[in-house]
Amino acid sequence: MKKMKWIATLLLAGAVAMPLSVQAGDAKTDIEFAERTYGFEEIDKGIVASSKLYTHHSGLAFDYPEAVRGIYVTGHSAGGSAFERLLKLIDSTDLNAMVIDIKDDFGYLTYKPQEDSPLFKMDIGQPYIKDPRKMLETLEERKVYPIARIVVFKDSVLAEKRPELSFMDGDKVWKNGRGESFVNPFMKEVWDHNVDIAIEAAKMGFKEIQFDYVRFPEGFEKRHETLKYSMDDYKDSDLDPVQRRVEAVTDFVAYAREQLKPYDVDVSVDIFGYAATLPEAPGIGQNFSKISENVDVISSMIYPSHWTSYFGIAKPDLEPYRLVAEYAKVENAKLGALDNPPVSRPWLQDFSAPWLGSGNYLRYGKKEVEAQIKALNDNGIDEFLLWNAQNKYTDGVDYTP
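Read on for a plain summary of the structure. Counting restarts for each chain, with residues numbered from 1 along the sequence as it is written. For a predicted model such as this one, the threshold for reporting local features is a pLDDT of at least 70, and the threshold for listing and counting side-chain atom pairs is 80 or more; totals across whole chains, interfaces and linings nevertheless cover every residue. The basis for every side-chain value is the complete set of non-hydrogen atoms in the structure, without hydrogens or water.

**A few points about the environment of M98**
Relative to the helices and strands, M98 is located in strand β2 (residues 97-103). Classification of M98 by relative accessible area gives buried; the value is 0%. Expressed as a C-alpha distance, the spacing of M98 and V68, which sit 30 residues apart in the sequence, is 9.4 Å. Residues within four places of M98 in sequence aside, it is in contact with I71, V73, F83, L86, L87, I90, L139, V144, Y145, P146 and I147. Note on conventions: DSSP H or I runs of at least 4 residues are helices, E runs of at least 2 residues are strands, and numbering of each starts at the N terminus. For each residue, the accessible area found with a 1.4 Å probe, counting protein chains only, is set against the maximum for its type, and the residue is called buried under 20%, exposed over 50%, and partly exposed in between. In this analysis, two residues are considered to be in contact whenever any of their non-hydrogen atoms come within 4.5 Å of each other.

Spelled out as C-alpha coordinates, the structure:
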(Lines give C-alpha, C1' and ligand atoms only; values in the text may rest on other atoms or scores of the structure.)
Protein backbone atom coordinates (compact mmCIF):
# COMPACT_ATOMS: atom_id res chain seq x y z
CA MET A 1 0.00 0.00 0.00
CA LYS A 2 2.87 2.38 0.89
CA LYS A 3 4.51 1.58 -2.45
CA MET A 4 1.31 2.54 -4.32
CA LYS A 5 1.13 5.87 -2.45
CA TRP A 6 4.79 6.54 -3.31
CA ILE A 7 4.18 5.91 -7.03
CA ALA A 8 1.07 8.14 -6.97
CA THR A 9 3.09 10.92 -5.33
CA LEU A 10 5.74 10.71 -8.06
CA LEU A 11 3.10 10.87 -10.79
CA LEU A 12 1.43 13.86 -9.16
CA ALA A 13 4.76 15.66 -8.75
CA GLY A 14 5.54 15.08 -12.41
CA ALA A 15 2.20 16.52 -13.46
CA VAL A 16 2.67 19.62 -11.28
CA ALA A 17 6.20 20.16 -12.60
CA MET A 18 5.03 19.99 -16.21
CA PRO A 19 4.88 23.51 -17.75
CA LEU A 20 1.39 24.92 -18.01
CA SER A 21 1.81 25.38 -21.74
CA VAL A 22 2.36 21.64 -22.14
CA GLN A 23 -0.53 20.79 -19.82
CA ALA A 24 -2.80 23.04 -21.85
CA GLY A 25 -1.58 21.58 -25.13
CA ASP A 26 -0.78 24.96 -26.71
CA ALA A 27 2.98 24.65 -27.19
CA LYS A 28 5.14 22.50 -29.45
CA THR A 29 7.27 19.94 -27.63
CA ASP A 30 9.44 16.97 -28.55
CA ILE A 31 7.36 14.67 -26.36
CA GLU A 32 5.21 12.23 -28.30
CA PHE A 33 1.99 11.11 -26.68
CA ALA A 34 0.05 8.09 -27.87
CA GLU A 35 -3.38 9.03 -29.17
CA ARG A 36 -6.31 7.94 -27.00
CA THR A 37 -10.03 8.44 -27.45
CA TYR A 38 -12.08 9.15 -24.37
CA GLY A 39 -15.79 9.62 -23.90
CA PHE A 40 -15.69 13.07 -22.34
CA GLU A 41 -18.42 15.58 -23.10
CA GLU A 42 -17.66 18.59 -25.27
CA ILE A 43 -15.55 21.21 -23.47
CA ASP A 44 -17.38 24.35 -22.38
CA LYS A 45 -15.57 27.11 -24.32
CA GLY A 46 -16.75 29.69 -21.82
CA ILE A 47 -14.93 27.88 -19.02
CA VAL A 48 -11.80 27.59 -21.16
CA ALA A 49 -11.92 31.30 -22.03
CA SER A 50 -11.97 32.28 -18.36
CA SER A 51 -9.37 29.72 -17.23
CA LYS A 52 -6.08 31.09 -15.91
CA LEU A 53 -4.33 28.13 -17.57
CA TYR A 54 -4.98 29.76 -20.92
CA THR A 55 -3.88 33.31 -20.11
CA HIS A 56 -1.71 34.77 -22.87
CA HIS A 57 1.18 37.07 -21.99
CA SER A 58 2.55 39.43 -24.64
CA GLY A 59 5.88 39.92 -22.85
CA LEU A 60 5.26 43.67 -22.53
CA ALA A 61 4.41 45.38 -19.24
CA PHE A 62 2.13 48.40 -18.92
CA ASP A 63 0.77 49.78 -15.67
CA TYR A 64 -2.74 51.23 -15.66
CA PRO A 65 -2.29 54.97 -14.98
CA GLU A 66 -3.83 56.61 -11.92
CA ALA A 67 -6.29 58.03 -14.45
CA VAL A 68 -6.17 57.49 -18.21
CA ARG A 69 -5.78 60.76 -20.11
CA GLY A 70 -5.37 59.88 -23.76
CA ILE A 71 -5.30 61.08 -27.36
CA TYR A 72 -6.56 59.51 -30.58
CA VAL A 73 -3.85 58.39 -33.04
CA THR A 74 -4.52 57.23 -36.61
CA GLY A 75 -2.61 54.41 -38.22
CA HIS A 76 -0.84 56.95 -40.46
CA SER A 77 0.33 58.93 -37.41
CA ALA A 78 1.34 55.84 -35.46
CA GLY A 79 3.46 54.62 -38.35
CA GLY A 80 4.78 57.97 -39.55
CA SER A 81 6.72 61.04 -38.50
CA ALA A 82 3.82 62.34 -36.38
CA PHE A 83 4.38 59.53 -33.87
CA GLU A 84 7.44 61.13 -32.31
CA ARG A 85 5.67 64.50 -32.11
CA LEU A 86 2.76 62.88 -30.25
CA LEU A 87 5.13 61.02 -27.93
CA LYS A 88 6.81 64.32 -27.06
CA LEU A 89 3.39 65.83 -26.30
CA ILE A 90 2.70 63.01 -23.84
CA ASP A 91 6.21 63.19 -22.35
CA SER A 92 5.82 66.90 -21.64
CA THR A 93 2.28 66.87 -20.20
CA ASP A 94 -0.02 64.87 -17.92
CA LEU A 95 -1.30 62.87 -20.89
CA ASN A 96 -0.43 59.19 -20.58
CA ALA A 97 -2.29 57.09 -23.18
CA MET A 98 -2.81 56.60 -26.92
CA VAL A 99 -5.89 55.18 -28.66
CA ILE A 100 -4.39 53.79 -31.87
CA ASP A 101 -6.35 52.67 -34.93
CA ILE A 102 -5.82 48.96 -35.55
CA LYS A 103 -8.92 48.55 -37.74
CA ASP A 104 -9.89 51.87 -39.28
CA ASP A 105 -13.13 53.51 -40.35
CA PHE A 106 -13.05 51.81 -43.75
CA GLY A 107 -12.44 48.32 -42.39
CA TYR A 108 -8.73 48.07 -43.21
CA LEU A 109 -6.15 46.86 -40.74
CA THR A 110 -3.50 49.53 -40.23
CA TYR A 111 -0.72 46.94 -40.40
CA LYS A 112 0.11 43.88 -42.50
CA PRO A 113 -0.71 40.62 -40.68
CA GLN A 114 1.91 37.86 -40.66
CA GLU A 115 1.38 34.84 -42.92
CA ASP A 116 0.44 32.65 -39.95
CA SER A 117 -2.34 35.05 -38.95
CA PRO A 118 -5.98 34.05 -39.61
CA LEU A 119 -6.37 37.56 -41.02
CA PHE A 120 -3.59 37.24 -43.62
CA LYS A 121 -5.68 35.70 -46.43
CA MET A 122 -8.34 38.40 -46.17
CA ASP A 123 -5.95 40.93 -47.75
CA ILE A 124 -7.23 43.84 -45.67
CA GLY A 125 -3.88 44.93 -44.19
CA GLN A 126 -2.32 48.29 -45.01
CA PRO A 127 1.35 49.12 -44.35
CA TYR A 128 0.71 52.21 -42.20
CA ILE A 129 2.30 50.74 -39.07
CA LYS A 130 5.31 48.85 -40.38
CA ASP A 131 6.20 47.10 -37.13
CA PRO A 132 3.40 47.10 -34.51
CA ARG A 133 5.51 45.21 -31.98
CA LYS A 134 8.33 47.75 -32.20
CA MET A 135 5.79 50.55 -31.81
CA LEU A 136 4.43 48.93 -28.64
CA GLU A 137 7.94 48.41 -27.27
CA THR A 138 8.49 52.15 -27.73
CA LEU A 139 5.26 52.86 -25.84
CA GLU A 140 6.38 50.53 -23.06
CA GLU A 141 9.72 52.34 -22.82
CA ARG A 142 8.01 55.76 -22.74
CA LYS A 143 5.34 54.53 -20.26
CA VAL A 144 2.42 55.28 -22.59
CA TYR A 145 -0.70 53.16 -22.00
CA PRO A 146 -1.74 51.53 -25.33
CA ILE A 147 -5.38 51.16 -26.41
CA ALA A 148 -6.31 49.49 -29.72
CA ARG A 149 -9.27 51.08 -31.51
CA ILE A 150 -11.29 48.69 -33.66
CA VAL A 151 -14.13 50.06 -35.80
CA VAL A 152 -16.63 47.21 -35.78
CA PHE A 153 -19.81 47.40 -37.85
CA LYS A 154 -18.94 50.33 -40.13
CA ASP A 155 -16.87 48.32 -42.58
CA SER A 156 -17.03 49.17 -46.28
CA VAL A 157 -14.15 46.78 -47.07
CA LEU A 158 -15.79 43.66 -45.66
CA ALA A 159 -19.19 44.70 -47.05
CA GLU A 160 -17.76 44.81 -50.59
CA LYS A 161 -15.80 41.58 -50.20
CA ARG A 162 -18.70 39.72 -48.60
CA PRO A 163 -22.03 41.37 -49.53
CA GLU A 164 -23.95 38.59 -47.74
CA LEU A 165 -22.55 39.96 -44.46
CA SER A 166 -23.94 43.43 -45.17
CA PHE A 167 -27.27 45.08 -46.05
CA MET A 168 -28.43 44.86 -49.66
CA ASP A 169 -30.34 47.62 -51.42
CA GLY A 170 -31.69 45.71 -54.41
CA ASP A 171 -28.68 43.97 -55.95
CA LYS A 172 -26.11 46.38 -54.46
CA VAL A 173 -24.54 46.80 -51.05
CA TRP A 174 -26.33 49.65 -49.27
CA LYS A 175 -24.31 52.83 -48.63
CA ASN A 176 -25.18 55.81 -46.46
CA GLY A 177 -25.04 59.43 -47.60
CA ARG A 178 -21.28 59.52 -47.03
CA GLY A 179 -20.70 56.47 -49.21
CA GLU A 180 -20.01 54.19 -46.23
CA SER A 181 -21.30 50.64 -45.81
CA PHE A 182 -22.03 48.69 -42.64
CA VAL A 183 -21.86 44.99 -41.95
CA ASN A 184 -24.64 43.16 -40.15
CA PRO A 185 -24.58 43.11 -36.31
CA PHE A 186 -27.01 40.17 -36.33
CA MET A 187 -24.37 37.86 -37.84
CA LYS A 188 -21.94 35.95 -35.63
CA GLU A 189 -19.48 35.62 -38.51
CA VAL A 190 -19.13 39.40 -38.41
CA TRP A 191 -18.62 39.26 -34.64
CA ASP A 192 -15.86 36.68 -35.01
CA HIS A 193 -14.05 38.71 -37.66
CA ASN A 194 -13.73 41.62 -35.25
CA VAL A 195 -12.91 39.42 -32.28
CA ASP A 196 -10.07 37.85 -34.30
CA ILE A 197 -8.66 41.33 -34.88
CA ALA A 198 -9.03 42.18 -31.19
CA ILE A 199 -7.22 38.99 -30.16
CA GLU A 200 -4.36 39.77 -32.55
CA ALA A 201 -4.08 43.28 -31.05
CA ALA A 202 -4.02 41.79 -27.54
CA LYS A 203 -1.29 39.35 -28.55
CA MET A 204 0.75 42.27 -29.91
CA GLY A 205 0.71 43.81 -26.43
CA PHE A 206 -2.18 46.29 -26.34
CA LYS A 207 -3.67 46.50 -22.86
CA GLU A 208 -7.16 47.55 -23.87
CA ILE A 209 -9.43 46.91 -26.83
CA GLN A 210 -11.73 49.78 -27.68
CA PHE A 211 -14.64 48.91 -29.96
CA ASP A 212 -16.13 51.80 -31.95
CA TYR A 213 -19.22 51.87 -34.22
CA VAL A 214 -20.81 49.12 -32.15
CA ARG A 215 -24.19 49.79 -33.68
CA PHE A 216 -26.49 49.61 -36.66
CA PRO A 217 -26.34 52.43 -39.25
CA GLU A 218 -27.88 55.73 -38.19
CA GLY A 219 -31.57 55.87 -39.07
CA PHE A 220 -31.74 52.10 -39.56
CA GLU A 221 -35.29 52.10 -38.21
CA LYS A 222 -36.39 53.85 -41.41
CA ARG A 223 -34.95 51.21 -43.73
CA HIS A 224 -34.98 47.97 -41.74
CA GLU A 225 -38.00 46.70 -43.68
CA THR A 226 -36.72 47.58 -47.17
CA LEU A 227 -33.09 46.43 -47.05
CA LYS A 228 -32.30 42.73 -47.48
CA TYR A 229 -30.15 41.09 -44.81
CA SER A 230 -29.85 37.99 -42.65
CA MET A 231 -31.31 37.83 -39.14
CA ASP A 232 -29.11 34.80 -38.41
CA ASP A 233 -29.88 33.46 -34.91
CA TYR A 234 -32.25 36.38 -34.25
CA LYS A 235 -34.79 35.43 -36.92
CA ASP A 236 -37.01 33.57 -34.44
CA SER A 237 -36.82 36.25 -31.75
CA ASP A 238 -40.11 37.35 -30.19
CA LEU A 239 -38.70 40.81 -29.52
CA ASP A 240 -39.83 43.86 -31.45
CA PRO A 241 -37.38 45.27 -34.05
CA VAL A 242 -35.92 47.85 -31.64
CA GLN A 243 -35.24 45.32 -28.89
CA ARG A 244 -33.84 42.82 -31.39
CA ARG A 245 -31.26 45.38 -32.47
CA VAL A 246 -30.44 46.21 -28.85
CA GLU A 247 -30.06 42.51 -28.08
CA ALA A 248 -27.69 41.91 -31.03
CA VAL A 249 -25.43 44.85 -30.17
CA THR A 250 -25.35 43.98 -26.46
CA ASP A 251 -24.73 40.30 -27.22
CA PHE A 252 -21.74 41.18 -29.41
CA VAL A 253 -20.15 43.23 -26.62
CA ALA A 254 -20.67 40.45 -24.06
CA TYR A 255 -19.36 37.83 -26.49
CA ALA A 256 -16.24 39.84 -27.37
CA ARG A 257 -15.41 40.44 -23.72
CA GLU A 258 -15.73 36.74 -22.94
CA GLN A 259 -13.50 35.74 -25.87
CA LEU A 260 -10.84 38.24 -24.79
CA LYS A 261 -10.60 37.04 -21.18
CA PRO A 262 -7.55 34.84 -21.78
CA TYR A 263 -5.59 37.82 -23.11
CA ASP A 264 -5.60 39.99 -19.98
CA VAL A 265 -7.02 43.10 -21.66
CA ASP A 266 -9.74 45.53 -20.69
CA VAL A 267 -12.65 46.04 -23.06
CA SER A 268 -14.13 49.46 -23.78
CA VAL A 269 -16.86 50.70 -26.09
CA ASP A 270 -17.42 54.10 -27.68
CA ILE A 271 -21.05 55.19 -27.59
CA PHE A 272 -23.07 58.22 -28.63
CA GLY A 273 -23.43 60.64 -25.73
CA TYR A 274 -27.14 61.01 -26.30
CA ALA A 275 -27.58 57.25 -25.72
CA ALA A 276 -27.14 57.90 -21.99
CA THR A 277 -30.05 60.34 -22.03
CA LEU A 278 -32.54 57.85 -23.55
CA PRO A 279 -33.85 54.42 -22.55
CA GLU A 280 -32.15 53.34 -25.79
CA ALA A 281 -31.24 54.74 -29.18
CA PRO A 282 -33.98 52.99 -31.20
CA GLY A 283 -32.53 52.94 -34.70
CA ILE A 284 -28.96 51.93 -33.94
CA GLY A 285 -29.46 49.40 -31.14
CA GLN A 286 -27.40 51.12 -28.44
CA ASN A 287 -28.64 50.78 -24.87
CA PHE A 288 -26.22 52.68 -22.63
CA SER A 289 -26.90 50.68 -19.47
CA LYS A 290 -26.82 47.25 -21.13
CA ILE A 291 -23.57 47.98 -22.93
CA SER A 292 -22.07 49.45 -19.75
CA GLU A 293 -22.84 46.23 -17.86
CA ASN A 294 -20.60 44.31 -20.28
CA VAL A 295 -17.47 46.47 -20.48
CA ASP A 296 -14.62 47.64 -18.28
CA VAL A 297 -14.70 51.18 -19.66
CA ILE A 298 -17.48 53.21 -21.31
CA SER A 299 -16.43 56.12 -23.53
CA SER A 300 -19.28 58.42 -24.45
CA MET A 301 -18.58 60.82 -27.30
CA ILE A 302 -19.73 64.11 -25.78
CA TYR A 303 -18.23 66.69 -28.13
CA PRO A 304 -20.19 69.93 -27.55
CA SER A 305 -20.35 70.50 -31.33
CA HIS A 306 -22.35 67.30 -31.82
CA TRP A 307 -25.33 68.16 -29.61
CA THR A 308 -28.54 69.92 -30.47
CA SER A 309 -30.28 72.04 -27.82
CA TYR A 310 -30.05 69.33 -25.14
CA PHE A 311 -30.02 70.29 -21.47
CA GLY A 312 -31.61 73.65 -22.30
CA ILE A 313 -28.40 74.86 -23.98
CA ALA A 314 -29.34 76.55 -27.25
CA LYS A 315 -25.79 76.56 -28.70
CA PRO A 316 -23.82 73.79 -26.96
CA ASP A 317 -20.54 74.42 -28.81
CA LEU A 318 -20.38 77.86 -27.20
CA GLU A 319 -20.65 76.44 -23.66
CA PRO A 320 -18.24 73.49 -23.33
CA TYR A 321 -18.13 73.49 -19.52
CA ARG A 322 -21.89 73.62 -19.08
CA LEU A 323 -22.61 70.99 -21.75
CA VAL A 324 -20.12 68.48 -20.34
CA ALA A 325 -21.21 69.13 -16.74
CA GLU A 326 -24.88 68.58 -17.57
CA TYR A 327 -24.06 65.40 -19.45
CA ALA A 328 -21.89 64.10 -16.61
CA LYS A 329 -24.80 64.41 -14.16
CA VAL A 330 -27.00 62.26 -16.40
CA GLU A 331 -24.29 59.66 -16.95
CA ASN A 332 -23.43 59.47 -13.24
CA ALA A 333 -27.06 58.70 -12.46
CA LYS A 334 -27.21 56.00 -15.14
CA LEU A 335 -23.96 54.32 -14.04
CA GLY A 336 -24.86 54.70 -10.38
CA ALA A 337 -27.89 52.45 -10.92
CA LEU A 338 -25.69 49.54 -12.08
CA ASP A 339 -24.35 46.85 -9.75
CA ASN A 340 -20.89 46.89 -11.36
CA PRO A 341 -20.48 50.14 -13.29
CA PRO A 342 -17.52 50.49 -15.67
CA VAL A 343 -14.97 53.28 -15.58
CA SER A 344 -16.28 56.41 -17.29
CA ARG A 345 -13.79 57.83 -19.80
CA PRO A 346 -15.56 60.23 -22.19
CA TRP A 347 -14.28 61.51 -25.51
CA LEU A 348 -13.77 65.30 -25.47
CA GLN A 349 -13.45 67.83 -28.27
CA ASP A 350 -10.08 69.24 -29.33
CA PHE A 351 -11.21 70.54 -32.74
CA SER A 352 -13.34 73.36 -34.07
CA ALA A 353 -16.68 72.95 -35.85
CA PRO A 354 -17.06 75.75 -38.44
CA TRP A 355 -19.75 73.71 -40.23
CA LEU A 356 -22.13 74.84 -37.47
CA GLY A 357 -22.08 78.34 -38.96
CA SER A 358 -21.06 81.75 -37.73
CA GLY A 359 -22.20 82.47 -34.19
CA ASN A 360 -22.80 78.80 -33.41
CA TYR A 361 -19.26 77.59 -32.79
CA LEU A 362 -16.02 78.55 -31.07
CA ARG A 363 -12.43 78.14 -32.16
CA TYR A 364 -11.46 75.46 -29.67
CA GLY A 365 -8.16 75.95 -27.89
CA LYS A 366 -6.62 75.81 -24.42
CA LYS A 367 -9.58 77.44 -22.63
CA GLU A 368 -12.25 75.23 -24.22
CA VAL A 369 -10.35 71.96 -23.77
CA GLU A 370 -9.61 72.74 -20.12
CA ALA A 371 -13.25 73.70 -19.54
CA GLN A 372 -14.42 70.25 -20.66
CA ILE A 373 -11.86 68.46 -18.48
CA LYS A 374 -12.76 70.58 -15.46
CA ALA A 375 -16.46 69.87 -15.98
CA LEU A 376 -15.72 66.14 -15.80
CA ASN A 377 -13.45 66.52 -12.77
CA ASP A 378 -16.05 68.64 -10.96
CA ASN A 379 -18.48 65.75 -11.39
CA GLY A 380 -16.13 63.04 -10.18
CA ILE A 381 -14.91 61.80 -13.58
CA ASP A 382 -11.12 61.77 -13.79
CA GLU A 383 -10.48 59.99 -17.09
CA PHE A 384 -10.90 61.33 -20.64
CA LEU A 385 -9.80 60.97 -24.24
CA LEU A 386 -9.22 63.79 -26.72
CA TRP A 387 -10.39 63.58 -30.32
CA ASN A 388 -8.83 65.38 -33.22
CA ALA A 389 -9.15 63.54 -36.54
CA GLN A 390 -5.88 65.02 -37.77
CA ASN A 391 -4.10 64.31 -34.47
CA LYS A 392 -3.18 67.99 -34.04
CA TYR A 393 -3.75 68.74 -30.37
CA THR A 394 -3.81 72.12 -28.65
CA ASP A 395 -0.53 73.31 -27.14
CA GLY A 396 -0.21 74.45 -23.54
CA VAL A 397 -3.26 72.70 -22.13
CA ASP A 398 -3.37 71.88 -18.41
CA TYR A 399 -4.77 68.35 -18.48
CA THR A 400 -5.34 68.33 -14.71
CA PRO A 401 -6.99 71.75 -14.22
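**Some remarks on the side chain of S117**
Here S117 shows up in the loop between β2 and α6 (132-141). By relative accessible area, which is 9% here, S117 ends up buried. Polar contacts involving the side chain of S117 include one to the main-chain amide nitrogen of L119, which spans 3.0 Å. Polar contacts here mean pairs of N or O atoms no more than 3.5 Å apart (in protein, one a potential hydrogen donor and the other a potential acceptor; neighbouring residues in sequence count only if both atoms are side-chain atoms). Of the polar contacts made by the side chain of S117, one reaches the side chain of E200; its length is 2.7 Å.

**Describing the pattern of salt bridges**
Here, a salt bridge means any side-chain nitrogen of Lys or Arg that lies within 4 Å of a carboxyl oxygen of Asp or Glu. Applying the stated rule across the entire model yields 25 salt bridges. The partner of E164 in a salt bridge is R162, and the shortest N-O contact between them spans 2.4 Å. Members of the salt-bridge network, linked through shared partners, are D101, D105, R149, K154, R178, E180, D212, R215 and E218.

**Describing helix α12 (residues 366-378)**
For a helix, the expected span equals 1.5 Å multiplied by the residue count minus one. Across its 13 residues, α12 extends 18 Å between first and last C-alpha, which sits within 8% of the 18 Å expected from 1.5 Å per residue. When α12 is considered as a whole, its buried residues turn out to be E368, V369, E370, A371, Q372, I373, A375 and L376.

**Observations concerning the layout of surface pockets**
For each structure, a 1 Å grid was placed over the protein atoms alone; sets of points admitting a 1.4 Å probe that cannot get out are labelled cavities, open sets with protein on both sides within 12 Å along at least five of seven lines are labelled pockets, and lining residues have an atom within 4 Å of a point. Grid points are joined across faces, edges and corners, and a volume is the space filled by probe spheres set on the points. Here the largest pocket is characterised by a volume of approximately 1100 Å³. Lining the largest pocket are 38 residues, and of these Y213, M301, Y303, H306 and W387 sit closest to its centre. Of all the secondary structure elements, the ones that give two or more residues to the lining of the largest pocket are α4 (75-78) and β7 (266-272). Lys, Arg, Asp and Glu make up the charged group, whereas Ala, Val, Leu, Ile, Met, Phe, Trp, Tyr, Cys and Pro make up the nonpolar group; the residues left over, Gly among them, are polar. Tallied by class, residues from the lining of the largest pocket come to 16 nonpolar, 11 polar and 11 charged. Its boundaries defined by the atoms lining it, the second largest pocket holds a volume of some 330 Å³. For the lining of the second largest pocket, the secondary structure elements donating two or more residues are α6 and α8 (188-204). Looking at which element gives the most residues to the lining of the second largest pocket, the answer is α8, with four residues.

**Description of the packing of α8 against helix α9 (residues 241-260)**
Following both chains from N to C, one finds α8 and α9 inclined at 35 degrees, their axes separated by 10 Å at the closest point. Seen along the crossing, α8 lies across α9 with a hand that is right-handed. Residues K188, W191, D192, N194, V195, A198 and I199 of α8 form the contact with α9, whose participating residues are A248, D251, F252, Y255, A256, Q259 and L260. Among the residues forming the contact of α8 with α9, the class breakdown is nine nonpolar, two polar and three charged. Angles run from 0 to 180 degrees between N-to-C directions of axes, and those axes are lines fitted to C-alpha atoms, restricted for helices to the stretch in contact. Crossing chirality is assigned from the near helix's rotation relative to the far helix, an anticlockwise turn below a right angle marking it left-handed and a clockwise turn marking it right-handed.

Treat this as a map of the structure, not an account of what it does.
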